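If you want the building blocks of each chain, they are given just below.
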Amino acid sequence: MKRIAVLTSGGDAPGMNAAIRAVVRKGIYDGLEVYGINYGYAGMVAGDIRQLTVDDVGDTISRGGTVLYSARYPEFANIEGQQKGIEQLKKFGIDGLIVIGGDGSYRGGAALTKLGFPTIGIPGTIDNDIAGTDYTLGFDTAINTVLDSVDKIRDTATSHVRTFIIEVMGRNAGDIALWTGIGSGAESIVIPEVEFNMDEIVNEIEEGRRRGKKHTIILLAEGVMNGNAFAAELEKHKNYHTRVTVLGHVQRGGSPSARDRVLGSLFGYNAVQLLEEGKGGICVGIRGTEIVFNDIIETLETKRHVPYLSLYQINKEISF
Ligand code: ADP
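Parameters at a glance
- Residues numbered from 1 in each chain as written.
- Predicted model: local features only at pLDDT ≥ 70, side-chain atom pairs only at ≥ 80, totals over all residues.
- Heavy atoms only, no water.
- Helix = DSSP H or I, 4+ residues; strand = E, 2+ residues; numbered from the N terminus.
- Rg over C-alpha atoms; globule rule 2.2 N^0.38 Å.
- Buried < 20%, exposed > 50% of the residue type's maximum accessible area, 1.4 Å probe, protein only.
- Contact = heavy atoms within 4.5 Å.
- Areas by Shrake-Rupley, 256 points an atom, 1.4 Å probe, with all protein chains shown as cover.
- Near = heavy atom within 4 Å.
- Polar contact = N/O pair within 3.5 Å; in protein donor to acceptor, adjacent residues only side chain to side chain.
- Nonpolar A, V, L, I, M, F, W, Y, C, P; charged D, E, K, R; others polar.
- Domains from an automatic or database assignment.
- Salt bridge = Lys/Arg side-chain N within 4 Å of Asp/Glu carboxyl O.
- Core = buried A, V, L, I, M, F, W, Y, C linked by side-chain atoms within 4.5 Å.

**Student:** Could you give an account of the overall build of the chain, with specific residues and numbers?
**Tutor:** From N to C terminus, the chain includes 11 helices and 11 strands. A compact globule built from 320 residues would reach a C-alpha radius of gyration of about 20 Å, and the chain, at 21 Å, matches this within 12%. Along the first, second and third principal axes, the C-alpha atoms of the chain reach 70 × 35 × 35 Å. Burial status across the chain gives 53% buried among its 320 residues. In the chain, once contacts between residues fewer than 6 apart in sequence are set aside, the share between residues at least 24 apart is 75%. Carbon and sulfur atoms form 48% of the exposed surface of the chain, whose accessible area is close to 13,800 Å².

If you want it as structure tokens, here you go:
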């Protein structure tokens, strides 16, 4: 392996730059040429590819987003798109690829692997919804961003004795709501993995009010329903003057946390090593404190991300 490339795809996430930086620096340290592909698979097919130097990734580790930009490119799900992508990679003399992204990006990587092009996946998404790893890049930063907002909302919720529904990202996975729910002492957490019962939620609010609690915070994952729809449901049971805050894209941005910078560096470093060992079709991850390597096709086809659901019950027992 002499020349490798890296791209970011799908939703951006803080820590992606740390991973890109590690790929470029480790590759060059080992004598490889490292190319950056702009705009994910769209840029690959369009040939938006350039060689990266050590300096190109200087001053990027602390920046959110991705310096390689990202794009959605549904055409890459078709074999024609994938073949065009491989043609471009070959034109540039690239013989190994590292893809940083979420589930969809992994599917692109798996497709390239099936066509014989060595590809390594790095999990990058704030949602933490990737199989084969405990944590994805961006999750830690995102939950810290959410917590910062929830703390502020709690002040006003207390002053006005209000019930606040805070809608956070997570279409398929409730990890953000789960972790920020317990981290903020939210009275209720509503996530796709656990069916909710509005009567139970009302009882919890009432119990808190009886004990003189001045605020109620409900952390809602967007995958359950949107915040306004949830508020309307709650108001049907009881008029709480519910307020809704949709945190939206603020959750995706910002300077990566220490943890995401370290994780990005570890993932990027190990991804390069795998290509150097002649390995492709692997996604890197972390289990406990250990970096792990899984078959990307098997992971996509047979494994599912499971959130740390114990937090749900623990929150019920300590945040009533
Ligand atoms: P994420 O990677 O964050 O899950 P997407 O689902 O949007 O984001 O996927 C990112 C990109 O990966 C898509 O725009 C597309 O180019 C590529 N992709 C998604 N699904 C597939 C698939 N089944 N096969 C090949 N490429 C795919």
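So, next bit.
**Student:** Help me get a handle on the site of the ligand, residues and values and all.
**Tutor:** Taken together, 15 residues lie around the ligand, and Arg-72, Tyr-73, Gly-102, Gly-104 and Ser-105 are the ones closest in. Tyr-73 is positioned with one of its backbone polar atoms (N or O) 2.5 Å from an oxygen atom of the ligand. One nitrogen or oxygen atom from the main chain of Gly-102 is found 3.0 Å from an oxygen atom belonging to the ligand. Alone, the ligand offers 560 Å² of accessible surface; in the complex the protein occludes 77% of this. Looking at the shell around the ligand, the element that brings in the most residues is helix α4 (residues 103–114), giving 5 residues. Within the shell around the ligand, the residues separate by chemical class into 4 nonpolar, 8 polar and 3 charged.

**Student:** If you had to explain unusual backbone geometry to someone new, which residues and values would you point to?
**Tutor:** The phi dihedral of Tyr-39 is positive, around 60°, even though this residue is not glycine. Note on placement: Tyr-39 falls in the loop between β2 (33–37) and α2 (40–46). Backbone geometry places Asn-128, a non-glycine residue, at a positive phi of 60°. Tracing the backbone through its elements, the reader meets Asn-128 in the loop between β5 (119–123) and α5 (139–159).

**Student:** Any chance you could break down the domain arrangement of the chain for me, citing the residues and the numbers?
**Tutor:** Under the domain assignment, the chain is made up of domain 1 (3–138 + 256–302) and domain 2 (140–253). Put simply, the middle of domain 1 and the middle of domain 2, counted by C-alpha atoms, are 34 Å apart. Facing the 15 residues of domain 1 at the interface are 13 residues of domain 2. Summed over the shared surface of domain 1 and domain 2, the result is 1 salt bridge. Two residues, Arg-252 and Asp-12, come together in a salt bridge whose shortest N-O distance is 2.8 Å. Counting across the interface, domain 1 meets domain 2 through 8 residue pairs in polar contact (both at pLDDT 80 or more).

**Student:** Residues and numbers for the nonpolar core, please.
**Tutor:** Across soluble globular proteins, nonpolar side chains have a tendency to be buried as a group. By size, the foremost hydrophobic cluster in this structure holds 54 residues, and its most contacted members are Ile-98, Ile-100, Ile-122 and Ile-217. The dominant element in this core, judged by the number of residues it contributes, is α5, at 7 residues. Residues lining this core come from more than one domain, with at least three contributed by each of domain 1 (3–138 + 256–302) and domain 2 (140–253). Setting aside anything within four residues of it in sequence, one finds Ile-100 in contact with Val-6, Leu-7, Thr-8, Ser-9, Met-16, Ala-19, Ile-20, Ile-122, Gly-124 and Leu-137.

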